[in-house]
Amino acid sequence: MSDVPVTIAGMGVVSALGTGAERTLAALRGGECGLSGLTLFVAPAGQVLPVGAVRGFDMQDQALPRTHRLARIAAAEALAGSDAAPDAIVLGTTTGGILTTESLLQNHCTDPRAYRHHGLATVAEDLARQWGCTGPVLTVSTACSSGAVALKLALEMLRCGMARRVLAGGVDSLCRLTYFGFKSLQLIDPAGARPLDRERRGMSVAEGAALLLLSADAAADGVCLLGAGLSCDAHHATAPHPEGEGALAAMTAALADAGLTPAQIDYINLHGTGTPDNDLAEGRAVHRLFGRQPPPLSSIKGAMGHPLAAAGAIEAVVAALCIRNGLLPGNVGYGTPDPELGISPVTAPRSAPLKTVMSNSFGFGGNNATVIVGRAAGAAAVAAPSVVTAPLSVQGAACITGAGHGPASLEALLAGKECAGCLDEQTLSEALPPRVIRRFKRLPRMALSLAMNACRDLAPERMPTAVSIGTAWGALSETHAFLQRLAETRGQYPSPTDFVGSVHNAPAGQIAMQLGIKGANVTTSGGDHSFEQALLAADLLTRRSADAVLVAGLDEHHPQLSPLLAPAARPDPPAADGGGALLLRREPGGNAPMLQLLAYRSGDGAGTGADLVGLLGGADVVHNNYGAILVGMPARAYAVAEAQWAAFRQASGFDGPMVDYRRLTGEFGTASAVAAVMGVAMVRAGAVPAALAGGAPCALAGKAVLLLGLGDGVSAVGIRLP
Amino acid sequence: MEHLIEELKVKIVDILNLPDVTPADIQTDAQLVGGELGIDSIDVLEMVIMIEKDYGVAINNKELGAKVFATLGTLAAYIQEHASELPN
């Protein structure tokens, strides 16, 4: 694996330090501070705090949300001089179009079209359209580690040959949610972030974007993404593990991934947000890994603030810039050593030859990521760990629909009954520990219930070590509650509880905490393909592991937000939500049904239905290998999906049983996760039940079930016996 | 003061949604955070907002918070001392 060097063929960056790699380098060389008082939106008197805002940025062009525009700036620079479209895009973001949504909600706008750029996935989809990418377009949202996690996923895509060129990085814009949210957590330093300083009081919320064009082709200057490692604290929703357990695990995993020893790291770009707890925990982890004399290190968040999902990607660009230009960036804002920390950062920028740089990014939910950038020759020639090649197989499953938990839902679905609906809170929360869920609204309850049911009665050694969750819309109840209270109190009294719960990866973090899962913890958000993206992420992250991974897709219905964000083109589908979870594990020689994402491409249009047949290997393969197809035709893109399905059927000649499963599960972004659980049951039973096969059971005769996702983009998941 | 303490008990149970705690369970001089009640750091922040909103008293950093939220008694005393309009 690590014998395929992944080079940085292009990069683009925009932050409070300026626009473009050249400008960023100059700012770092000059030890500049880019923080300034908030002006983007109104804060109550006395609450105008320093932020890392991108300046010189057209404020009038409101057609596209700020996050999308920041991403475009970084992408344009990364792809300048590149004549071919990237094969895939992986983008980390936590804000999506929320800044625009906040204003729309304040103005009581009820036109769903105005909210069309709200979803996290719309940022990467916009880039795909702009630069003609028709391959997989993944969106990850793991709070402040999103950008670094995106780089890890891109790295694995390139290593396994799924793509040759991937555009990857992170983006977030300033918005009320993060500004007031972090303020409610008392994590903002009123004087501006002073990472590692004894007097540090917190971070400065910021914005920015960075995208890297990663390539499997050798590049002249040879600066590579050498490796990356992920971990989860499984400790607390917002606070890091006090001893830096998760940080240590991520750094250790990244070194192993790159085939490097701690002694080979020339510079550490710290997460270093400036919050007392983060810096202390990270410092402890650094001491544990590097001993008393770590390599030169610094945080650049005193200079640019904390651009959240963009941070990991911006810092990867900075790492490459530092290597190319022999620069150690200074720790802006640092003045007084903190004896408890025992770490002395590089105070002023200075020249030094650098070969290998480690960069840390840690986030809410205890989501940690470390990336290592360096010259390929810096990597020790170690044998790559062996790859476990068996596909992921199903060890456990659970689902929720309006008809109830797992067995009740599944039985009804297989009997062809419509299960669309929203479980009441009491039924939804059955068997969940009351104290644990006291602050949970709808989505985390669903998540924990699915996880506990999918992992029920497992021996400790078979418990999952990684989590990959897909959600189209995230925790809508928490997001709405936070924004509503913020508006009602005119910015005075935002709820810390709702802010913590509003991040897309909060449910995955809760699962990790409650089940003690300390490996990679990923949340994807890809519209109606969110579950498929979670499956892909799980597959990419477990290539060298025989441990189990929990993969789930779930979405909640919210009476105010859902009709605005996901309006149905079909009249009045019933309110519905739910999800599905699968416990998966690579088990060579096992006999459980196996699940694999076979094809995924972005873009809409009927033609993509025929393309899908080609991606699956042609009409003969579809005809010979698949005994039934479960088709997802989202109500919000029903006409497109119907045309895609017609094109697929024509191109493949498929004439077996077809189930339009959303008519049974109801309409929600991750309905396909429930359909996957249905598919597994059919494969286990060896037949499509009578009610779904047109009156009489239809034997699969050893053939697989195909799960198709249509609409905005097309995806195909195969479910088969070994 | 007694009235304030009783009022705070009701508010705390209400905003923190503690499933098996009643106002009577909160002892004036017992450890408030990290003890048997199950009140944690996020609850503290939620109480900070409530106290600022309902009593106009700001507790805006962690060190101060640790002292003020030691017990319900210390919390009530702090509010009593700093509120401009005392709620009797």
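Since we're looking at a predicted model, the values are computed, not measured.

Chemist: Just to check I follow, could you spell out the overall build of chain A for this structure?
Modeler: A tally of regular secondary structure across chain A gives 23 helices and 28 strands. For chain A, the C-alpha radius of gyration of 24 Å lies close to 27 Å, the compact-globule estimate for 722 residues. Taken over the C-alpha atoms alone, chain A extends approximately 75 × 60 × 50 Å along its principal axes. Residues counted as buried form 64% of the 722 residues belonging to chain A.

Chemist: In this structure, what is going on with the overall build of chain B? I would like to understand it.
Modeler: Helix and strand counts for chain B come out as four helices and zero strands. In chain B, the order of α-helices and β-strands from amino to carboxyl end is α-α-α-α. The C-alpha atoms of chain B give 12 Å as radius of gyration, which agrees with the globular expectation for 88 residues (12 Å, within 12%). Reported as C-alpha extents along the three principal axes, the dimensions of chain B are approximately 35 × 25 × 20 Å. Long-range pairs, those at least 24 residues apart, make up 56% of the contacts in chain B between residues at least 6 apart in sequence.

Chemist: What exactly am I supposed to notice about the interface of chain B and chain A here?
Modeler: By convention, interface size is frequently given as the accessible area that disappears when the constituent parts associate. Each partner contributes to the interface: chain B provides 14 residues, whereas chain A provides 15 residues. Here the side of chain B that touches chain A is composed, by residue class, of five nonpolar, five polar and four charged.

Chemist: Mind showing me how you'd approach the environment of Ile 188 of chain A here?
Modeler: All names here are of chain A. Turning to its location among the elements, Ile 188 is positioned in the loop between helix H6 (176-184) and strand S8 (208-215). On a C-alpha basis, the gap between Ile 188 and Thr 665 in space is 43 Å, while along the polypeptide they are 477 residues apart. Among all residues touching Ile 188, those that are not within four sequence positions of it are Leu 49, Phe 182, Lys 183, Gly 202, Met 203, Ser 204 and Val 205.

Chemist: Explain the UniProt feature "domain: Carrier" (unreviewed entry) in chain B to me, please; I cannot follow it from the model alone.
Modeler: Under the feature "domain: Carrier" (unreviewed entry), the UniProt entry names residues 1-83 of chain B. Note that residues 1-83 of chain B is 58% helix and 0% strand, and that its end C-alpha atoms are spaced 12 Å apart.

Chemist: Before we go on, may I ask you to explain the confidence of the model for chain A in this structure?
Modeler: When pLDDT drops low, the exact placement of atoms in the prediction is not to be read closely. Residue-level pLDDT values for chain A average 94, and 96% of them are 70 or greater. Counted against residues more than four places away or in other chains, residues 378-384 of chain A, with its pLDDT under 50, gives 14 contacts.

Chemist: Help me out: how do you make sense of the pairing of strand S7 (residues 165-172) of chain A in this one?
Modeler: Residue and element names in this part refer to chain A. For S7, a buried count of eight out of eight residues is recorded, marking the element as mostly surrounded by other parts of the structure. Burial along S7 is two-sided: Arg 165, Leu 167, Gly 169 and Val 171 and Val 166, Ala 168, Gly 170 and Asp 172, pointing in opposite directions, are all buried. Bridge count for strand S5 (residues 88-92) against S7 is five bridges, and the pairing is parallel. Directly across from Leu 91, in S7, lies its bridge partner Gly 169. Alignment of S7 against S8, held across eight bridges, turns out to be antiparallel. The residue bridging Ala 168 from the neighbouring strand is Leu 212, located in S8.

Chemist: Even after reading the chapter, I still don't get the nonpolar core, so can you show me in this structure?
Modeler: Among soluble globular proteins, nonpolar side chains are generally buried collectively. By size, the foremost hydrophobic cluster in this structure holds 277 residues, and its most contacted members are Ala 74, Leu 151, Ala 210, Leu 212 and Val 317 of chain A. Of the residues that make up this core, three or more belong to each of domain 1 (6-376) and domain 2 (392-720) of chain A.

Chemist: Could you clarify how one ought to interpret the environment of Ser 715 of chain A in this entry?
Modeler: All names here are of chain A. Position of Ser 715 among the secondary structure elements: in strand S28 (residues 714-720). Accessibility expressed as a C-beta count within 10 Å gives 28 for Ser 715, which makes it buried. Residues Ser 715 and His 529, 186 residues apart in the sequence, show an inter-C-alpha distance of 7.2 Å. Setting aside anything within four residues of it in sequence, one finds Ser 715 in contact with His 529, Glu 532, Leu 597, Ala 599, Tyr 600 and Gly 709.

Chemist: Is there a simple way to think about the environment of Ala 646 of chain A in this case?
Modeler: Residue placement: Ala 646 of chain A occurs in helix H21 (residues 638-652). Ala 646 of chain A sits 39 residues away from Gly 607 of chain A along the chain, and the two C-alpha atoms are 9.9 Å apart.

Chemist: What's the story with the packing of H6 of chain A against helix H14 (residues 476-488) of chain A in this structure? I'm lost.
Modeler: Relative orientation and spacing of two packed helices are given, respectively, by the angle between their axes and the distance between those axes. Residues and elements named next belong to chain A. Put simply, H6 and H14 touch, their axes get as near as 11 Å, and they point 80 degrees apart. Between H6 and H14, the angle is such that the two are roughly perpendicular. When H6 is examined against H14, the residues Arg 176, Leu 177, Phe 180 and Gly 181 are found in contact with a partner set consisting of Phe 482, Leu 483 and Leu 486.

Chemist: How do you make sense of helix H4 (residues 121-131) of chain A when you look at a structure like this?
Modeler: An α-helical turn contains 3.6 residues, so any two residues separated by three or four positions project in the same direction. Residue and element names in this part refer to chain A. Burial runs high along H4: eight of the eleven residues are buried. Taken as a whole, H4 has its buried residues at Ala 121, Thr 122, Val 123, Ala 124, Glu 125, Asp 126, Leu 127 and Ala 128. Tucked inside the fold, the buried residues of H4 contact helix H2 (66-79), S5, strand S6 (137-140) and S7. At the exit of H4 stands Gly 132, carrying a positive phi of roughly 65 degrees.

Rules behind the numbers
- Within every chain, residues take consecutive numbers counted from 1 along the sequence as written.
- Each chain is given a letter, starting from A, and each ligand a number, starting from 1, according to the order in which they appear as written.
- It should be noted that, the model being predicted, local features are given only for residues of pLDDT at least 70 and side-chain atom pairs only at 80 or more, the latter also being counted only at that level, while totals for whole chains, interfaces and linings use all residues.
- In this text, helices come from DSSP runs of H or I with a minimum length of four residues, and strands from runs of E with a minimum of two, each type numbered from the N-terminal end.
- The reference for a compact globule is 2.2 Å times residues^0.38; the radius of gyration itself is calculated from the C-alpha atoms.
- Every C-beta atom is placed from the backbone, and the number of other C-beta atoms within 10 Å of a residue's own sets its class: buried at 20 or more, exposed at 12 or fewer, partly exposed in between.
- Residues are scored as being in contact if the C-beta atoms we place from backbone atoms lie within 7 Å.
- Throughout this entry, Asp, Glu, Lys and Arg are counted as charged residues, while Ala, Val, Leu, Ile, Met, Phe, Trp, Tyr, Cys and Pro are counted as nonpolar. The remaining residues, Gly among them, count as polar.
- UniProt positions are given in the numbering used here, feature names are shortened, and annotations may be inferred rather than shown by experiment.
- One number per residue, pLDDT, summarises how confident the predictor is, and it ranges from 0 to 100.
- Here, strands pair whenever DSSP counts at least two bridges between them.
- For the purposes of this analysis, a nonpolar core is taken to be any set of buried Ala, Val, Leu, Ile, Met, Phe, Trp, Tyr and Cys residues that are connected through C-beta atoms within 7 Å.
- How far each domain reaches was decided by an automatic or database domain assignment.
- Angles here are taken between N-to-C directions and fall from 0 to 180 degrees, while the axes themselves are lines fitted to C-alpha atoms, restricted in helices to the stretch in contact.
- Geometric relationships in this document are graded by angle, where less than 35 degrees denotes roughly parallel, more than 145 denotes roughly antiparallel, 65 to 115 denotes roughly perpendicular, and other angles denote oblique.

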